Amino acid sequence: MNKSCITSVAKKVCPAAITIVVSKDLPKISGFFAMPMGGEDIMMPSFEGQKEKTKVGGGSGFLITKDGYIVTCNHVVADPDSEYTVLLDPEKKYTAKVIARDPMVDLAILKIEGYNFPFIKMHPDSRKIELGEQVLAVGNPLGEFDDTISLGIVSGLSRRITAYGGNAGATSLHGLIQTDAAINPGNSGGPLVNMKGTAIGVNSAMVSGAQNLGFAIPINYVKEIFEEVIKYGKIKRPFLGIRYFVLNPEIAKRNKINVDHGALIVRERLGEPAVLKDSPAGKAGLKEFDIVLKCNGIDITEKNTLNDILQNHKIGDQLAFTVLRDEKEIIIPIQLEEKKEE
């Protein structure tokens, strides 16, 4: 790939790649005081009663329409109590509204007011990208270096990882594009583009401690949720209403559970219900410590989680769940509903 081609692609896509600044009202620091600890004094902050706007994070994103729609990762904008500012360049700042979040695929759609913005075209079908294609990852690494590009190739397809990102918690992502183009903290949400300057994915994750191992969410996922946002003003997803973790042989053996697969319904934190009130699961009678073994006859495993299965169904679908309760298998029919807005 010659230098002039890379330069041409960079000039095409960088104007539409944006920085997202995350701000929050936090108590104002009035000074510091010494606190004895382990024979030494530790300096601790003291706070005033008033609050001030404080930058608490950041990430990347990119415009996908000329009228101000932006795609980024859900974990970049996961905090509903924060404010989000979009920087097109140091002189152009816009207050962004989070239109929709989809934690299941780690994507979010934002909107800024204006028109004739530069934007990046989305690939017609990211299933058709090939191993070895050259790509550029664009973003704002470490929240400091705007319009940073890194060159690489598509080094893997259909990857599955568990990603961790602040308020978004842990998310199981699958179908990802693997690339050796450098993706650093702050790159999340930026575009992964081919040598035509077309977005094939959204930079999402890197593997800590590894080199040249990054992952992007295929652009087909973006197109799907963006169509729903335009049509309904939000993302419509089927909702079950349980908290769970997926069993495997190791977990089952350690906890003396007689099955080595399935979704064990259990709360994540004290004070949180394992089965959400008035949810489809709650109405159907699912209980904490039930193990959901199958959905419509399909085994629930680490490679095919309950979320994976639900993504293939629509709101209103009636599903049969095979549940292990008190060492007995029972079949519980549940109709999926639309998740209410929080």
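Values in this document were obtained by computation on a predicted structure and should not be read as measured data.

The rules behind each value
- Residues numbered from 1 in each chain as written.
- Predicted model: local features only at pLDDT ≥ 70, side-chain atom pairs only at ≥ 80, totals over all residues.
- Heavy atoms only, no water.
- Helix = DSSP H or I, 4+ residues; strand = E, 2+ residues; numbered from the N terminus.
- Buried < 20%, exposed > 50% of the residue type's maximum accessible area, 1.4 Å probe, protein only.
- Contact = heavy atoms within 4.5 Å.
- Areas by Shrake-Rupley, 256 points an atom, 1.4 Å probe, with all protein chains shown as cover.
- Salt bridge = Lys/Arg side-chain N within 4 Å of Asp/Glu carboxyl O.
- Pairing = 2+ DSSP bridges.
- Polar contact = N/O pair within 3.5 Å; in protein donor to acceptor, adjacent residues only side chain to side chain.
- Phe/Tyr/Trp six-rings, centres within 6.5 Å; stacked < 30°, edge-to-face > 60°.

K.L.:
Any chance you could explain the overall build of the protein here in plain terms?
P.N.:
Looking only at helices and strands, the protein has five helices and 20 strands in total. Taken over 342 residues, the protein has a buried fraction of 45%. Counted over contacts in the protein with a minimum sequence separation of 6, partners at least 24 positions apart contribute 61%. Surface exposure of the protein reaches about 18,400 Å², of which carbon and sulfur atoms provide 51%.

K.L.:
Any chance you could explain the pattern of salt bridges here in plain terms?
P.N.:
Where side chains of opposite charge bring their charged atoms close, a pairing between them can arise. Tallied over the full model, the rule gives nine salt bridges. Measuring nitrogen to oxygen at the nearest pair gives 3.1 Å for the salt bridge that ties Arg-237 to Glu-228. With respect to class, Arg-237 is no different from Glu-228; both count as buried. When salt bridges that share partners are traced, they join Asp-102, Glu-224, Glu-228 and Arg-237 into one network.

K.L.:
Can you help me understand unusual backbone geometry in this one?
P.N.:
Residues other than glycine predominantly adopt negative phi, and peptide bonds predominantly adopt the trans conformation. Its identity as a non-glycine residue notwithstanding, Asp-278 has a phi of 65°, on the positive side. Within the element layout of this structure, Asp-278 appears in the loop between strand E15 (263-265) and helix H4 (280-284). Under the relative-accessibility criterion, Asp-278 is labelled exposed at 56%. Phi angles above zero are rare outside glycine, and Asn-296 is one such case at about 50°.

K.L.:
Please clarify how the pairing of strand E18 (residues 318-325) should be interpreted in this entry.
P.N.:
The side chains of a regular strand alternate between both faces of the sheet. Bridge analysis of strand E16 (residues 291-295) against E18 gives four bridges, and the strand direction is antiparallel. Across the sheet, residue Cys-295 finds its bridge partner in E18, namely Phe-321. Of the pairings in the sheet, the one linking E18 to strand E19 (residues 328-335) comprises eight bridges and is antiparallel in character. For Val-323, the partnering residue across the bridge sits in E19 and is Ile-330. In this structure, the hairpin formed by E18 and E19 is closed by a connection of two residues, where Asp-326 is found at a positive phi of approximately 55°.

K.L.:
Any chance you could explain the pairing of strand E4 (residues 83-89) here in plain terms?
P.N.:
Pairing geometry for E4 and strand E5 (residues 92-102), over five bridges, is antiparallel. Counted as the bridge partner of Thr-85 is Thr-95 from E5.

K.L.:
I keep staring at the environment of Gln-178 and nothing clicks. Help me out?
P.N.:
By the element assignment, Gln-178 lies in strand E9 (residues 170-179). Taking the C-alpha atoms as reference points, Gln-178 and Ser-155, 23 residues apart in sequence, are found 5.4 Å from one another. Polar side-chain contacts of Gln-178 include one of 2.7 Å to the side chain of Arg-159.

K.L.:
Explanation requested: the packing of aromatic side chains in the structure shown.
P.N.:
Between two aromatic rings, the relevant description is the distance of the centres plus the angle of the planes. Per the stated rule, a full pass over the model turns up two aromatic pairs. The interplanar angle of 70° and the centroid separation of 5.2 Å between the aromatic rings of Tyr-69 and Phe-226 together place this pair among those described as edge-to-face. One end of the pair, Tyr-69, is in strand E3 (residues 69-72); the other, Phe-226, is in helix H2 (residues 219-232), with 157 residues separating them in the sequence. Judged by its relative accessible area of 12%, Phe-226 falls in the buried class. Both rings, one in Tyr-94 and one in Phe-117, keep their centres 5.3 Å apart while their planes meet at 85°; by these two values the pair is edge-to-face. With Tyr-94 in strand E5 and Phe-117 in the loop between strand E6 (107-111) and strand E7 (134-139), this pair connects stretches of sequence that are 23 residues apart.

K.L.:
Help me understand the environment of Leu-306 in this model?
P.N.:
Mapped onto the elements, Leu-306 comes out in helix H5 (residues 306-310). In this structure, the C-alpha to C-alpha distance between Leu-306 and Val-292, residues 14 residues apart in sequence, is 8.7 Å. Residue contacts for Leu-306: discarding those within four places in its chain leaves Leu-240, Ile-242, Tyr-244, Cys-295, Ile-300 and Phe-321.

K.L.:
Help me understand the side chain of Asn-203 in this model?
P.N.:
Tracing the backbone shows Asn-203 in strand E11 (residues 199-206). A polar side-chain atom of Asn-203 sits 3.4 Å from the main-chain carbonyl oxygen of Val-138. Asn-203 has contacts with Cys-73, Ala-137, Val-138, Ile-183, Asn-187, Ser-188, Gly-189, Gly-190, Pro-191, Leu-192, Phe-215 and Ala-216, leaving out every residue within four places of it along the chain.

K.L.:
Got a minute to help me understand the environment of Ala-320 in this structure?
P.N.:
For Ala-320, the location among the structural elements is in strand E18. Residues Ala-320 and Cys-295, 25 residues apart in the sequence, show an inter-C-alpha distance of 5.8 Å. Apart from residues no more than four positions distant in its own chain, Ala-320 is found in contact with Lys-294, Cys-295, Asn-296, Ile-331, Ile-332 and Pro-333.

Read these as geometric descriptors, not functional statements.
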